[in-house]
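Observations on the three-dimensional arrangement
In case you want the letters, here they are:
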Amino acid sequence: MAPILLILLGATEILQADLLPDEKIALLPPVNFTIKVTGLAQVLLHWEPNPDQEQRNVNLEYQVKINAPKEDDYETRITESNCVTILHQGFSASVRTILQNDHSFLASSWVSAEVQAPPGSPGTSAVNLTCTTNTTADNYSHLRPYQVSLHCTWLVGTDAPEDTQYFLYYRYGSWTEECKEYSKDILERNIACWFPRTFIHSRGRDWLVVLVNGSSKHTAIKPFDQLFALHTIDQINPPLNVTAEIEGTRLSIQWEKPVSAFPSHCFDYEVKIHNTRNGYLQIEKMMTNAFISIIDDLSKYDIQVRAAVSSMCREAGLWSEWSQPIYVGNDEQKPLTKWFLFVLMATICLILLILSLICRICHLWTKLFPPIPAPKSNIKDFFVTPNYEKAGSTETETEVISYIEKLGVETLEDSVF
């Protein structure tokens, strides 16, 4: 009997709890709602429960709605909330009491508060604010082996007087720092800032807040602040100690992770292989720090590698610059090729020489190209006449003439060729 009573009692309490929101409970709005600026681009929202609110053993919650500069809303059980947001446009928010379960939703009216936008003339604030971070090794500190630098640039407002001077501050976490190293334009106005060492954590996920305000003798300069997610501005260093070697047609490339607080498994890489002989470009993406490829061993290559933090360790961000190119291979002809060309040329010359000798011995040249008859000459008469006068008899005369004729013809033929 006792167990049955306990079950019935529990069911009754559950039913009452489910029916409670349906009852006409008056929810009253919170009181003393305030918004307080607690740092660069940071506000604290605080309120108190309405003292006249009837509790009736229920857990009240609160709904917070951000109205400006960007709409957002969320729910909380506590009576205060920190918010990171830009403030140069002002800030406003509202809060109300809510009570909800699976069957119904009850809410009070809204109460609101705001932070006014800071004073300043339109068009005088800095514009096009951009920032980048970079990690360097700190060999003198064991507690923080890596340091993060910060570099920011901006442009002068279109309506800012010529005597306007700008000043930059950054906040990361609870630390705020003012710039000490500025770059200036031709009018000596600050347009860039350099922090060689900051309190930014190289693997942190907090927002980086940057504020640029200014001053002028002629008008109030409107401040400008901006939020940066670190993964979107972190300029990763290139990989270190890139090496490459060729064995036959096998190209092997290795490198080390960049200077970074992230461990080795947190990087993606891209390898760029450029064949300088034919201009072919090959880019490969990988997660390891080594790459092997089959190549043409008669070409020369320049090789570069770059890195980015992998999405499994942080949200995807920027690629590093390419590493300095290294060169492997040789686009000159190999000694074997040179010897082949030399032997080929020598063989051709030898064949031509042999053909020339054969043509000379067999009179092929004469047969192919018969001699052109020479013009009639008095040389024959010259040789005949003197010898005719010297000859004493007819027989001798005939022999001499025949001999001279033959000799003259052979001499003439030889002179032609």
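Going by what an unreviewed UniProt entry lists, the protein chain is known as Interleukin-5 receptor subunit alpha and is assigned to Sapajus apella. According to its UniProt record, the protein chain has this under Subunit (unreviewed entry): "Interacts with IL5. Interacts with CSF2RB. Interacts with JAK2. Interacts with SDCBP." Listed under Subcellular location (unreviewed entry) in UniProt, the entry text for the protein chain is "Membrane".

**Topic: the sheet that holds strand E23 (residues 326-329)**
The pairing of strands in a sheet comes from backbone hydrogen bonds and takes either a parallel or an antiparallel form. Here four strands make up an open sheet; going across it, the order is E20-E19-E22-E23 and the pairing antiparallel. The sheet terminates laterally at strand E20 (281-286) and E23, the two strands that pair on one side only. Strand-to-strand twist of the sheet, defined as the mean angle between neighbouring strand axes without regard to direction, takes the value 25 degrees. Judged from the six bridges that link them, strand E19 (residues 267-275) and E20 form a sheet pairing that is antiparallel. Bridge pairing in E20 links isoleucine 273 to glutamine 282.

**As for the state of the cysteines**
By the definition in use, this model includes three disulfides. At a sulfur-sulfur separation of 1.9 Å, the disulfide partner of cysteine 179 is cysteine 193. In this structure the cystine formed by cysteine 179 and cysteine 193 twists about its S-S bond by roughly 115 degrees; its chirality is therefore right-handed. Taken as a pair, cysteine 179 in the loop between strand E12 (175-178) and strand E13 (182-184) and cysteine 193 in strand E14 (residues 190-195) lie far apart in primary sequence, 14 residues in all. Each of the two residues, cysteine 179 as well as cysteine 193, counts as buried.

**Re the pattern of salt bridges**
Across all of its chains, the model carries six salt bridges by this definition. With a closest N to O distance of 2.8 Å, arginine 306 and glutamate 270 form a salt bridge. In this pair, arginine 306 sits in strand E22 (residues 300-309) while glutamate 270 sits in strand E19, placing the two residues 36 residues apart along the sequence. Taking relative accessible area as the criterion, glutamate 270 reaches 14% and is therefore assigned buried.

**As for a nonpolar patch on the surface**
On the surface, Leu344, Met345, Ile348, Leu350, Ile351, Leu352, Leu353, Ile354, Leu355, Leu357, Ile358 and Ile361 cluster together into a nonpolar patch covering about 1,100 Å² of accessible area. Along the polypeptide, isoleucine 354 turns up in helix H3 (residues 335-361). Isoleucine 354 sits in the partly exposed class, given a relative accessible area of 43%.

**Quick look at the sheet that holds strand E1 (residues 31-39)**
Reading across the sheet, the three strands line up as E1-E2-E5 and stay open at both edges, with antiparallel pairing between neighbours. Each edge of the sheet is formed by a strand with only one pairing partner; in this case those strands are E1 and strand E5 (80-84). Looking at each pair of strands side by side, their axes are set apart by 20 degrees on average, direction ignored. Pairing geometry for E1 and strand E2 (residues 42-48), over six bridges, is antiparallel. Its bridge partner lying in E2, isoleucine 35 is registered against leucine 45.

Basis of the calculations
Residues numbered from 1 in each chain as written. Predicted model: local features only at pLDDT ≥ 70, side-chain atom pairs only at ≥ 80, totals over all residues. Heavy atoms only, no water. UniProt positions renumbered as here; feature names shortened; annotations may be inferred. Pairing = 2+ DSSP bridges. Helix = DSSP H or I, 4+ residues; strand = E, 2+ residues; numbered from the N terminus. Axes fitted to C-alpha atoms, helices over the stretch in contact; angles between N-to-C directions. Disulfide = S-S within 2.5 Å. Buried < 20%, exposed > 50% of the residue type's maximum accessible area, 1.4 Å probe, protein only. Salt bridge = Lys/Arg side-chain N within 4 Å of Asp/Glu carboxyl O. Patch = residues over 30% accessible without salt bridge, like charges linked within 9 Å, V, L, I, M, F, W, Y side chains within 5 Å. Areas by Shrake-Rupley, 256 points an atom, 1.4 Å probe, with all protein chains shown as cover.

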